Amino acid sequence: MTRKPEESLDCAAENRQGRRSGLQLNDLPIDVLGLIISRLPIGDAIRTGLISRQWKDLWRDHTMLTFSRATFPSCRMLNQQNFIRRVDSILQQHSGVGVERMEIKFLLRNARRDIDRWVKFAVASKTKELILDLSDLTRFFMLPVMVFHPYLDREGFYEFPCQLLDANNGGSHLQCLQLTSMYLKPAADFTGFLNLKRLNLIGVNITDEGVQNLLCNPNVLEFLEISFCRMLTKIHAPHFLNRLKHLQVDCCPVLEKIEMNCDLATLDFTGSSMTPLIFATTSSLTNKAISPQRLPKLIYLRHLKLETIVFGYGRKTDILDYAYLLEIAPFMEKLELHVQITGFFGQKDQVELALHILCSSTVLKNMVINPEIAIVPHDAYRPPKRGAHNFVDGRDAAMEFVCKADHRNVVEVV
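All residue numbers here refer to positions counted from 1 along the written sequence of the relevant chain. Confidence filtering applies because this is a predicted model: local features only for residues at pLDDT of at least 70, side-chain atom pairs given and counted only at 80 or more, and all residues used for totals across whole chains, interfaces and linings. Just so you know, side-chain values use all the structure's heavy atoms and leave hydrogens and water out.

Visitor: Can you lay out the overall build of the chain for me, pointing to particular residues and giving the numbers?
Guide: Counting its regular elements, the chain contains 10 helices and 17 strands. When accessible area is computed with a 1.4 Å probe and restricted to protein chains, residues below 20% of their type maximum are described as buried, those above 50% as exposed, and intermediate ones as partly exposed. Looking at the chain residue by residue over its 414 residues, the buried ones come to 42%. The long-range share in the chain, meaning contacts at least 24 apart out of those at least 6 apart in sequence, stands at 56%. Methods summary: accessible areas were calculated by the Shrake-Rupley approach with a probe of 1.4 Å, and residue burial reflects only the protein chains presented. For the chain, the exposed area adds up to about 23,100 Å²; of that, 53% sits on carbon and sulfur atoms. Secondary structure elements follow DSSP: runs of H or I no shorter than four residues count as helices, runs of E no shorter than two count as strands, and numbering proceeds from the N terminus. What makes two residues a contact is simply this: any of their non-hydrogen atoms within 4.5 Å.

As structure tokens, this is what we get:
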């Protein structure tokens, strides 16, 4: 029996309608819808309430709360007052439970009561990760500002309320804390963060005593970063930090000494080569990025992987200075040296290093030498262009000294 054309069309329409109805999000269970919306940024999650009445309250259990300029794209003139008002409105409507991560990233001054209110919300909601970035600078620009504006006015800077996150006041749920551009003054009786595993202090005004108070009690801290802190002269932990495995200290201009009682696996230090680094033990230290002179004796170090970038123009460090590593780690069994020379200008140590690698490496497959600079040390740096005097010198030196010593045809000069 042959089906009539109009019947076929009717059946096709019904099938299409059935398939569409089977894909309706409104038919999903509420908990599944809530899970889907929880994967969205908080701004997008709130806007889903405009789609359906059924959805208008689903975002209130959102676990990832990030507040920055990007959270409010429709507000072209987002000043401090508008930002505070919008954040308050969202937090007042939120259920206040189950927050995994809360981030505030906005330039805020003279807003202590408002920020305190948000920190209290984080404590009450048992937030596990809290990020407070009250600067309008990215990390890339912090060093130039510190160098060229050392006395930058800090009036109105927020003072972080350590007492609100004290172990005695419900702050025990916090596992990760990142603070940027504020004051931090932990008292001598500070009981510490019981479950804090990661602490990042970036551009924070904190004293030597303040750091010591933070680290004075036993804790489970695994990662510690102290960067761009211009008041610190000493980093000292009075007790053994048995869980601390990763330490990063970056560009603290008046830092004179680091003394830690811990067994590190990773040390990342950028600063003066005259800063003494004293550690009770280094038996687990396998990764280290550090200045090339005046390093501590690492008698337990067996394996070291060093990654460094050498700027070929206008630098003061000789790449051969890293030979000092062999003196500070007399029992080292394996040394991996990953060197990237950005800008090969034919300088003596560059040529010597290239020749040494070429002659001593038994499995070398390829060596590329490029006089152009691919990575610059700071934004104001102006590298020479192709055809400039330095560029020609670097290429000529590579051809004259390195290529002539290449008997395996592995060197490529670009």
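Past the structure itself, the notes keep going.
Visitor: Outline the packing of helix 4 (residues 80-93) against helix 5 (residues 112-124), listing residues and values.
Guide: Helix axes are fitted only over the stretch in contact, all axes being lines through C-alpha atoms; the angle between N-to-C directions runs from 0 to 180 degrees. At a minimum axis separation of 11 Å, helix 4 and helix 5 run at an interaxial angle of 25 degrees. Between helix 4 and helix 5, the angle falls in the class roughly parallel. Taken as a pair, helix 4 and helix 5 cross one another with a handedness that is left-handed. Here F83, I84, V87, D88 and L91 of helix 4 come into contact with helix 5, specifically with D114, R117, W118 and F121. Orientation is classified from the angle alone, with under 35 degrees giving roughly parallel, over 145 giving roughly antiparallel, 65 to 115 giving roughly perpendicular, and any other angle giving oblique. Put simply, a crossing is left-handed when the front helix is turned counterclockwise from the back one by less than a right angle, and right-handed when it is turned clockwise.

Visitor: Lay out the nonpolar core in plain terms, naming residues and giving numbers.
Guide: Put simply, a nonpolar core is a bunch of buried Ala, Val, Leu, Ile, Met, Phe, Trp, Tyr and Cys residues held in one set by side-chain atoms that sit within 4.5 Å of each other. Counting residues in hydrophobic clusters, the biggest one holds 73 residues, and the most contacted among them are F160 and M260. Excluding its chain neighbours within four sequence positions, the residues that come into contact with F160 are V119, L132, L165, L177, L179, M182, Y183 and L184. Among the nonpolar cores identified, the runner-up in size contains 11 residues, and M367, A398, V411 and V413 belong to it.

Visitor: Got a sec to walk through the pairing of strand 3 (residues 129-133)? Specific residues and values, please.
Guide: With respect to burial, strand 3 is a largely interior element, four of its five residues being buried. Two strands qualify as a pair provided that DSSP identifies no fewer than 2 bridges between them. Here strand 2 (residues 101-105) pairs with strand 3 via five bridges, running parallel. If you follow E103 over to strand 3, its bridge partner there is I131. Handedness of a crossover is defined as follows: with both strands directed away from the viewer, a clockwise route from the first strand across the helix to the second makes it right-handed. Handedness of the β-α-β unit built from strand 2, helix 5 and strand 3 comes out right-handed. Note: strand 3 against strand 5 (residues 176-184), five bridges, orientation parallel. Bridged to I131 within strand 5 is Q178.

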